[in-house]
Amino acid sequence: AQSVTQLGSHVSVSEGALVLLRCNYSSSVPPYLFWYVQYPNQGLQLLLKYTSAATLVKGINDFEAEFKKSETSFHLTKPSAHMSDAAEYFCAASGSARQLTFGSGTQLTVLP
Amino acid sequence: DVKVTQSSRYLVKRTGEKVFLECVQDMDHENMFWYRQDPGLGLRLIYFSYDVKMKEKGDIPEGYSVSREKKERFSLILESASTNQTSMYLCASSLGTGVDTQYFGPGTRLTVL
């Protein structure tokens, strides 16, 4: 069974600063990995996904994530935070099965 | 664009009532999912369906049932609502396998009094 751990339930950054949201997975087989974002009062939207084609994955709104098998990590980064990035971010994993296992989420606050 | 719609954004019910949450997708997706979202717990899978009339239990199926009579529609049923089922409920759909993106509806915030 897979598990996904997101370190830090709340992260605050200043506008223009680097965003780093951490995600570690536990799986005997490297899974497919996803980052989703949830803006207030909305459903989840896909930011990016790793499907074993390339370890550095680029997503929407200048977000990217790097798959590191040796560290079982898939951390999400953005070089420069914008106020509009304030949201909750979820890391998720799936294997050959169709369902996703989600982390507990990280609430990102961007300070002016 | 894929569109997943849910019948209600907000719902208030009383303990013991039977509650129906409806979800419709317009992309001919094979798979549909029901999750509940609670603060600090992320999303937990209640049930999913990979074909019409097919269903599988997720991680927390107790107190819930589902129905999928048509490919585009997936219903979540609370047979006898309880206060501990107060939560945000999210529906999602995906095309086929584990690599496929899940597309989410806007959610239904259910309050059981």
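This one's a predicted model, so the numbers in the text were calculated from it and none came from an experiment. (Residues numbered from 1 in each chain as written. Chains lettered and ligands numbered in written order. Predicted model: local features only at pLDDT ≥ 70, side-chain atom pairs only at ≥ 80, totals over all residues. Heavy atoms only, no water.)

Draft legend 1. How the structure looks around the overall build of chain B. The secondary structure content of chain B amounts to zero helices and eleven strands. Mapped in sequence order, the helices and strands of chain B form the string β-β-β-β-β-β-β-β-β-β-β. Taking 2.2 N^0.38 as the reference for a compact globule, 113 residues should give roughly 13 Å; the C-alpha atoms of chain B span a radius of gyration of 13 Å, in line with that estimate. Dimensions of chain B, computed from C-alpha atoms along their principal axes, come out at roughly 35 × 30 × 25 Å. Across the 113 residues that make up chain B, the buried fraction comes to 50%. (Helix = DSSP H or I, 4+ residues; strand = E, 2+ residues; numbered from the N terminus. Rg over C-alpha atoms; globule rule 2.2 N^0.38 Å. Buried < 20%, exposed > 50% of the residue type's maximum accessible area, 1.4 Å probe, protein only.)

Draft legend 2. Local environment of the pattern of salt bridges. All names here are of chain B. For the structure shown, the criterion picks out nine salt bridges over all chains. When the shortest N-O distance is used, the salt bridge between arginine 73 and glutamate 22 registers 3.6 Å. Highlighted residues: arginine 73 in strand β8 (residues 73–78) and glutamate 22 in strand β3 (residues 19–25), separated in sequence by 51 residues. On the basis of relative accessible area, arginine 73 is assigned to the partly exposed category, the value being 38%. (Salt bridge = Lys/Arg side-chain N within 4 Å of Asp/Glu carboxyl O.)

Draft legend 3. Main features of the interface of chain B and chain A. With 24 residues of chain B in contact, the opposing surface of chain A contributes 23 residues. Both sides together, the interface formed by chain B and chain A hides about 1,700 Å², and carbon and sulfur atoms give 55% of it. Across the chain B-chain A interface, the total number found is zero salt bridges. Where chain B meets chain A, there are four residue pairs in polar contact (both at pLDDT 80 or more). At the level of elements, β4 (31–38) and β5 (42–49) of chain B are the ones that each hand at least two residues to the side of chain B that touches chain A. Grouping the constituent residues of the side of chain B that touches chain A by class yields twelve nonpolar, ten polar and two charged. (Contact = heavy atoms within 4.5 Å. Buried area = accessible area lost by both parts, 1.4 Å probe. Polar contact = N/O pair within 3.5 Å; in protein donor to acceptor, adjacent residues only side chain to side chain. Nonpolar A, V, L, I, M, F, W, Y, C, P; charged D, E, K, R; others polar.)

Draft legend 4. Just the state of the cysteines, in detail. All names here are of chain A. Taken as a whole and judged by the stated rule, the model has two disulfides over all chains. Two residues, cysteine 23 and cysteine 91, share a disulfide whose sulfurs are 1.9 Å apart. Taking the torsion about the sulfur-sulfur bond, which here is approximately -65°, the covalent link between cysteine 23 and cysteine 91 counts as left-handed. With a gap of 68 residues between them, cysteine 23 in strand β3 (residues 19–26) and cysteine 91 in strand β9 (residues 87–94) connect regions that are remote in the sequence. You'll find cysteine 23 and cysteine 91 in the same group, each marked buried. (Disulfide = S-S within 2.5 Å.)

Draft legend 5. Representation of the sheet that holds strand β1 (residues 4–6) of chain B in the model. All names here are of chain B. Pairing is antiparallel across the open sheet formed by four strands, whose spatial order is β1-β3-β8-β7. If you trace the sheet from one side to the other, it starts and ends with β1 and β7 (64–70), each paired once. This sheet shows a mean twist of 20° between the axes of neighbouring strands, independent of strand direction. Two elements, β7 and β8, share five bridges in a ladder whose sense is antiparallel. Pairing of lysine 70 across the sheet is with arginine 73, part of β8. (Pairing = 2+ DSSP bridges. Axes fitted to C-alpha atoms, helices over the stretch in contact; angles between N-to-C directions.)

Draft legend 6. Inspection of the layout of surface pockets at higher detail. The volume enclosed by the largest pocket comes to roughly 400 Å³. With three residues, the single largest contributor to the lining of the largest pocket is β9 of chain A. (1 Å grid on protein atoms, 1.4 Å probe; cavity = no way out; pocket = protein on both sides within 12 Å on 5 of 7 lines; lining within 4 Å. Points joined across faces, edges and corners; volume = space filled by probe spheres on them.)

Draft legend 7. Seen up close, the environment of threonine 55 of chain A. Residues and elements named next belong to chain A. Within the secondary structure layout, threonine 55 lies in the loop between β5 (44–50) and β6 (56–58). What makes threonine 55 partly exposed here is its relative accessible area of 44%. Each residue touching threonine 55, except ones within four places of it in the same chain, is listed here: Tyr50, Ala65, Glu66 and Phe67.

Draft legend 8. Layout of unusual backbone geometry. All names here are of chain A. Its identity as a non-glycine residue notwithstanding, asparagine 41 has a phi of 60°, on the positive side. Mapped onto the elements of the fold, asparagine 41 is located in the loop between β4 (32–38) and β5. Residue asparagine 41 is classed as exposed on the basis of its relative accessible area of 52%.

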